[in-house]
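So you can see what is in the structure, the chains are spelled out below.
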Amino acid sequence: MLKNKIITKQLSNKLGVSISNFDCSKEIKFDDIELLKKIMQDKHFICFKNQNLNGDSLAKFTKNFGDLEAYPEKDKTKGKIEIFNVSNVSEDGEHLSPDDQRVILQKNNSRWHTDSSYRYYPSIFSILYGQETLPHEAKGGQTEFSNMLLAYENLSDDKKQLLEPLHQVHSYNDIRRLEPGLPELTYEEKSNFPPVSHPVIRVHPDRNYKKSIYFTSNTSLEIGGMGLEEGKKLHGWLVDYISQDKFCYKHSWEKNDLIMWDNRVLLHRVIPYDYSKYRRAMIRGTVEGKVPVLGPFSNEVRLKA
Ligand SMILES: [Fe+2]
């Protein structure tokens, strides 16, 4: 595509394009922002190659798409609370040990999730900049994405019917249940993020009320609206189902890639790597959501039908 001089290259037939001729550290023109939003709506993922950013310029670029979301825990961020440190390297450049709490939190990212699903209004976009990436010969370290619009479309009618009325509880505090090595949250942090329930089938008013699957593995491993064992089994089935290659694109990082994805329609996870052997340092800006997750039985959706 050649429009406004932004050249895109398709990354896979499931999702994603790369853009090689765009400097995200500069002031971005209104028309270009609109074009990037359009590309995100169609492709859900953009990789901007060869960027040169820091926390400030990443925050500035992120603000082109909405307000910045603040991270729930101050001590896990680098500098600004709006710039999340996705890294096994400290602010001072020290390679952290795999059992450091900041690294344990990174390990939880290897479970399928969509960022900030534990909020009433989960985020729209995440924007992640690769400052230090693994060498090409290393095993793991990629970020994998699964397209939930595509996954929903491919469900059998029986499965669509089964999932339609179900929900999942997303709890920031429950990351501690999955990763017991993490320290307790403060009372304030817990109170700011009480558990929230979202529908497993998400309806998108901005996509003509199209549906997608919406669930995670990083805050809970159960689906609600049924018994515990049944809910665990269904959650496991969903994980296997959406992990199929036919829905996924695995991003192999190159240093200075800036990737941006739509949390409303994609799940993602990091492929585990040798945390003690390799340094992996990334910073993330997040575009705050302003609306709740709608399901098939939400009033706005029912009134539309
Ligand atoms: Fe994430």
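Please refer to the structure placed before this passage.
Rules used in this analysis
- Residues numbered from 1 in each chain as written.
- Predicted model: local features only at pLDDT ≥ 70, side-chain atom pairs only at ≥ 80, totals over all residues.
- Helix = DSSP H or I, 4+ residues; strand = E, 2+ residues; numbered from the N terminus.
- Rg over C-alpha atoms; globule rule 2.2 N^0.38 Å.
- Buried ≥ 20, exposed ≤ 12 C-beta atoms within 10 Å, placed from the backbone.
- Contact = placed C-beta atoms within 7 Å.
- Arc of directions from axis to C-beta.
- Core = buried A, V, L, I, M, F, W, Y, C linked by C-beta atoms within 7 Å.
- Pairing = 2+ DSSP bridges.
- Axes fitted to C-alpha atoms, helices over the stretch in contact; angles between N-to-C directions.

Asker: Any chance you could explain the overall build of the chain here in plain terms?
Answerer: Helices and strands together make up the secondary structure of the chain, namely 9 helices and 15 strands. For 305 residues, the compact-globule estimate of 2.2 N^0.38 gives 19 Å, and the chain sits close to it at 19 Å. Overall, the C-alpha framework of the chain stretches about 50 × 45 × 40 Å when taken along its three principal axes. In the chain, buried positions account for 39% of the 305 residues. Sequence-distant contacts, at least 24 apart, represent 79% of the contacts inside the chain between residues at least 6 apart.

Asker: Is there a simple way to explain helix 2 (residues 55-62) in this structure?
Answerer: Side chains three or four residues apart in an α-helix point the same way, a direct result of the helix having 3.6 residues per turn. Within helix 2 the residues assigned to the buried category are L58, F61 and T62. Buried residues along helix 2 cover an arc of 100° about the axis, so they all sit on one side. Along its buried surface, helix 2 packs onto strand 6 (125-132) and strand 15 (281-286).

Asker: Any chance you could explain the nonpolar core here in plain terms?
Answerer: Buried together is how nonpolar side chains tend to be arranged in soluble globular proteins. Counting 53 residues, the largest nonpolar core has I46, M148, I213, L258 and L266 as its most contacted members. Residues contacting M148, with those up to four places away along its chain left out, are S212, I213, Y214, V265, L266 and L267.

Asker: Where do I start with the sheet that holds strand 12 (residues 248-251) in this structure?
Answerer: Strands in a sheet are paired, the pairing made by backbone hydrogen bonds, and the direction either parallel or antiparallel. Read from one edge to the other, the open sheet built from 3 strands follows the order 12-7-14, with strand pairing classed as antiparallel. Taken across any chain shown, the strands that pair with only one partner, and hence form the sheet edges, are strand 12 and strand 14 (266-270). For this sheet the average axis-to-axis angle between neighbouring strands, irrespective of direction, equals 20°. Two strands pair when backbone bridges link them, and strand 7 (residues 143-147) and strand 12 are joined in this way by 4 bridges, in the antiparallel orientation.

Asker: Teacher, can you tell me more about the pairing of strand 14 here?
Answerer: Within a regular strand, side chains alternate between the sheet's two faces. Counted residue by residue, strand 14 has 5 buried out of 5 residues, so it is predominantly covered. Two strands pair when backbone bridges link them, and strand 7 and strand 14 are joined in this way by 5 bridges, in the antiparallel orientation. Opposite N147, over in strand 14, you have L266 as the bridge partner.

Asker: Whenever I open this one, the environment of K290 confuses me. Can you help?
Answerer: When you line up the elements, K290 lands in the loop between strand 15 and helix 9 (299-304). For the pair K290 and I39, spaced 251 residues apart in the sequence, the C-alpha separation amounts to 20 Å.

Asker: What should I look at first to understand the environment of W237 in this one?
Answerer: Summarising the element assignment, W237 is placed in helix 8 (residues 228-242). Separated by 143 residues in the primary sequence, W237 and E94 have C-alpha atoms spaced 39 Å apart.

Asker: Is there a simple way to think about the pairing of strand 13 (residues 258-262) in this case?
Answerer: The buried fraction of strand 13 amounts to 5 of the 5 residues, a majority that puts the element mostly inside the structure. Residues of strand 13 alternate between two faces, with L258, M260 and D262 on one and I259 and W261 on the opposite face, all of them buried. Relative to strand 13, strand 4 (residues 45-48) runs antiparallel, the two being bridged by 4 bridges. Directly across from F45, in strand 13, lies its bridge partner W261. Judged from the 5 bridges that link them, strand 6 and strand 13 form a sheet pairing that is antiparallel. The residue of strand 13 that forms the bridge with Y129 is L258.

Asker: Any chance you could explain unusual backbone geometry here in plain terms?
Answerer: Backbone geometry follows two general trends: most residues other than glycine have a negative phi, and most peptide bonds adopt the trans configuration. In this model, N50 sits at a positive phi of 55°, which is unusual for a non-glycine residue. Within the secondary structure, N50 is located in the loop between strand 4 and helix 2. The exposure class assigned to N50 is partly exposed, which follows from the 13 C-beta atoms found within 10 Å. Positioned with a positive phi, N208 is a non-glycine residue whose angle comes to about 60°. With respect to the secondary-structure elements, N208 resides in the loop between strand 10 (201-204) and strand 11 (210-213). Judged by local crowding, N208 falls into the exposed class, with 6 C-beta atoms found within 10 Å.

Asker: Would you explain the environment of V265 in this entry?
Answerer: Take V265: it is sitting in the loop between strand 13 and strand 14. Ignoring anything within four residues of it in the chain, the contact list for V265 reads H44, N147, M148, L149 and S212.

Taken by themselves, the reported measurements are silent on function.
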